[in-house]
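Residue-level structure breakdown
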Amino acid sequence: MSVTTVTDLPAGPAVPAAAPALRGRLSLPLSLLLVAPLVLLLAWAFFLPIGRLLLTSVTEPTLTLTNYRRLITQPLYAEVILRTVWISFACTAAALLLGYPVAALMARPGRVVPKIAAVCVMVPLWTSVLVRSYAWIILLDRKGVINTLLVQSGVIAKPLTMLYTDGAVLMAMTHVLLPFMILPIYSSLRSLPVDLPRAAANLGAGRVRVFFAVTLPLSLPGVFAGCLLVFVMALGFYVTPALLGGPQTLMIATLIGQQATELLDWPFAGAISCVLLVLSLGMVITFKRLLRLDRVVAHD
Amino acid sequence: MTDGATGARASGGEWLFHAICVLVLLFLMVPTLLIVPMSFSATAYLTFPPAGFSFEWYHTFLTDPEWIDATLFSLRVAALTTLASTVVGTMGALALVRGRLPGRQTIEALLLAPLIVPPIIVAIGVYLQFAPLGLTGTLPGFVLIHTALAVPYVVLVVSAALQRLPPSLEMAGLNLGGSRLACFRRITLPLIAPSILAGAVFAFLASFDETVVSFFISGVEHKTVTRKLFEDIEFNLSPVIAAASTVFVVSTILMMWLADASKKAATQ
């Protein structure tokens, strides 16, 4: 991330030492002026609202920790948090198992097959989460695609209840988050020199051994980044659990929404938000170096 | 697709690998593509396979005032968000890459927060902040928060372009007597324009697709199309949703393809 500075330029002997630095970079007042709208906007519209929400959790109605005590002492809430962590974990594991082979396919040499795989990964990524959750409703509904096909082919006699269960939420979330697993792994596999697996093969290692001794260890940064990204996004997921989950499958995000809109208990919503924020940011800060968000956004 | 020495042993393992890949790719694509046949269904409720063929639901989408209002409102919000975040983000990127800023790294780290913080937290916080000011359910309110959420994409993409661009080009312009502004307009801007365009497309889609915050700050009068979709999915599963979704997915793919093409043109 180092910025190329003026020192890279051949400085003529006539130029005084301080001059190049002054000419190459924008002055301090100009820099501040340029960055001010960005900083003010983020501070006012993003950081201040979140800060105030977290603050209400300890100041309303008076300075108190009641909201947090309620969160700890009532088993319902601990259950929601545990379910969220469990679904996020399962979702991450499923995405890793399903995503790694596709990332490997995309990273292979050749023109047609990797390109098709890339399209199959990008098109869902560019499709709204709402649309993809809706598609899963069509698939899993009692009168949906899967039940119709199973009943018509005589595999089952009566339609199964699949919608509004943990399984439905898990499946749809895995589908939605899978591209975020595939892209970082693909990125690290792409930057892996082809000579290395080839050299291992020439030295007599079989395909399995080449994979476990060379390819997999060298792709671990991508694997970690993908896992972290999927896990953190799953922790805070709102849309899919709200649409596909039943009353029995509350997750942290849907619980926050419920507390805020149905029960109008903002301070308690703030307390749950605080827990979610600590979980998400804690994960990201702990594993910060593994997460290359700029890479995911640029996906190249 | 030659694997050198191992090519001869392309056998059971290779076959299994491809079979797994095909299954996962089907898992990715089938639910996404399923909405297309559903949108041409002739019945008012969802059946599979779709009974008959009609454009009825596209007609409904294009004539129902609720869908039109929501779509137009989302387009207005997204257009203004694109404009605001492109200008604010490009200015910020210039300051971060070319400027002399104290605390540059802190700003860069904080910029990633909108991409990491769960949207539900932003939604509730923003509702609490905007409601007393009368900003919920209004165009300025949506544009403000969508710009805050979309601007990091612009900063990231434009910063990357500025870092690839050698400062010597701008220096040459300055040395030839051009003003700072003239150098930016005639040298820097044309060279980073494709990245700005790519950032603009990201910002547009980030706003148009934004669901959770829009859901919570939508009003009775002004709602975004994502809020409308959300309500309809929850309360009446009409095939209009499939028709609307198909229109949005096709437009999104076209826009991303455009952004990708312009970014490729920039790096080549």
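Residues numbered from 1 in each chain as written. Chains lettered and ligands numbered in written order. Predicted model: local features only at pLDDT ≥ 70, side-chain atom pairs only at ≥ 80, totals over all residues. Heavy atoms only, no water.

1. Some points on the nonpolar core
Core analysis: the biggest nonpolar cluster contains 161 residues, and Phe46 and Tyr238 of chain A together with Ile120, Val122 and Ile145 of chain B have the highest contact counts within it. It is helix H8 (residues 166-190) of chain A that contributes the most residues to this core, 14 residues altogether. With sequence-adjacent residues up to four places away left out, Tyr238 of chain A is seen in contact with Ala253, Thr254 and Gly257 of chain A together with Ile120, Val212, Phe215, Phe216 and Phe230 of chain B. By size, the runner-up hydrophobic cluster in this structure holds 5 residues, among which are Ala201, Ala205, Val210 and Val214 of chain A. (Core = buried A, V, L, I, M, F, W, Y, C linked by side-chain atoms within 4.5 Å. Buried < 20%, exposed > 50% of the residue type's maximum accessible area, 1.4 Å probe, protein only. Helix = DSSP H or I, 4+ residues; strand = E, 2+ residues; numbered from the N terminus. Contact = heavy atoms within 4.5 Å.)

2. Brief notes about the environment of Trp257 of chain B
Residues and elements named next belong to chain B. Note that Trp257 resides in helix H12 (residues 240-267). Trp257 sits in the exposed class, given a relative accessible area of 58%. Spatially, the C-alpha atoms of Trp257 and Phe204 are 14 Å apart, while their sequence positions differ by 53 residues.

3. Brief notes about the packing of aromatic side chains
Under the definition given, this model contains 22 aromatic pairs over all chains. Each residue in the set Phe61, Trp67, Phe204, Phe208 and Phe248 of chain B is aromatic and connected to the rest through ring pairs, giving one cluster. Over the ring of Phe268 of chain A we find Arg70 of chain A, and its NZ or CZ is 3.8 Å from the ring centre. Here the guanidinium or amino end of Arg227 of chain B rests over the ring plane of Phe215 of chain B, the centre of that ring lying 4.5 Å away. (Phe/Tyr/Trp six-rings, centres within 6.5 Å; stacked < 30°, edge-to-face > 60°. Lys NZ or Arg CZ within 6 Å of the ring centre and 35° of its normal.)

4. What to know about helix H10 (residues 207-235) of chain A
In a regular helix each residue adds 1.5 Å, so 29 residues correspond to 42 Å; H10 of chain A covers only 36 Å between its end C-alpha atoms and thus falls short of that length. Along H10 of chain A, the sharpest change in direction is near 50 degrees and occurs at Leu220 of chain A; proline Pro221 of chain A comes one to four residues later. (Expected span 1.5 Å × (residues − 1). Bend = angle between axes of the 7 residues up to and from the residue.)

5. Description of the confidence of the model for chain A
Residues and elements named next belong to chain A. When pLDDT is averaged along chain A, the result is 84, and 88% of the positions lie at 70 or above. The lowest-confidence element of chain A is helix H1 (residues 19-24), averaging 47 in pLDDT; the highest-confidence one is helix H4 (residues 75-107), averaging 94. The low-confidence segment residues 1-22, where pLDDT is below 50, has 19 contacts with residues more than four positions distant or belonging to other chains. Segment residues 296-300 is flagged for pLDDT under 50; beyond a separation of four residues in sequence, or across chains, it makes 14 contacts in the model. (pLDDT = per-residue confidence, 0-100.)

6. Focus: a nonpolar patch on the surface
All names here are of chain B. Residues Val22, Leu23, Leu26 and Val30 make up a contiguous nonpolar surface patch of about 360 Å² in total accessible area. Its location among the elements puts Val22 in helix H1 (residues 12-39). Owing to a relative accessible area of 48%, Val22 belongs among the partly exposed residues under this scheme. (Patch = residues over 30% accessible without salt bridge, like charges linked within 9 Å, V, L, I, M, F, W, Y side chains within 5 Å. Areas by Shrake-Rupley, 256 points an atom, 1.4 Å probe, with all protein chains shown as cover. Salt bridge = Lys/Arg side-chain N within 4 Å of Asp/Glu carboxyl O.)

7. Describing the pattern of salt bridges
Opposite charge on two side chains permits pairing when their charged atoms draw close. Scanning all chains against the criterion turns up 10 salt bridges over all chains. A salt bridge links Arg98 of chain B to Glu170 of chain B, with the nearest nitrogen and oxygen atoms 3.0 Å apart. In this pair, Arg98 of chain B sits in helix H3 (residues 65-98) while Glu170 of chain B sits in helix H8 (residues 167-175), placing the two residues 72 residues apart along the sequence. Residues Arg98 of chain B and Glu170 of chain B agree in their burial class; the two are buried. If you follow the salt bridges from partner to partner, you end up with Arg108 and Arg207 of chain A together with Glu14 of chain B in one network.

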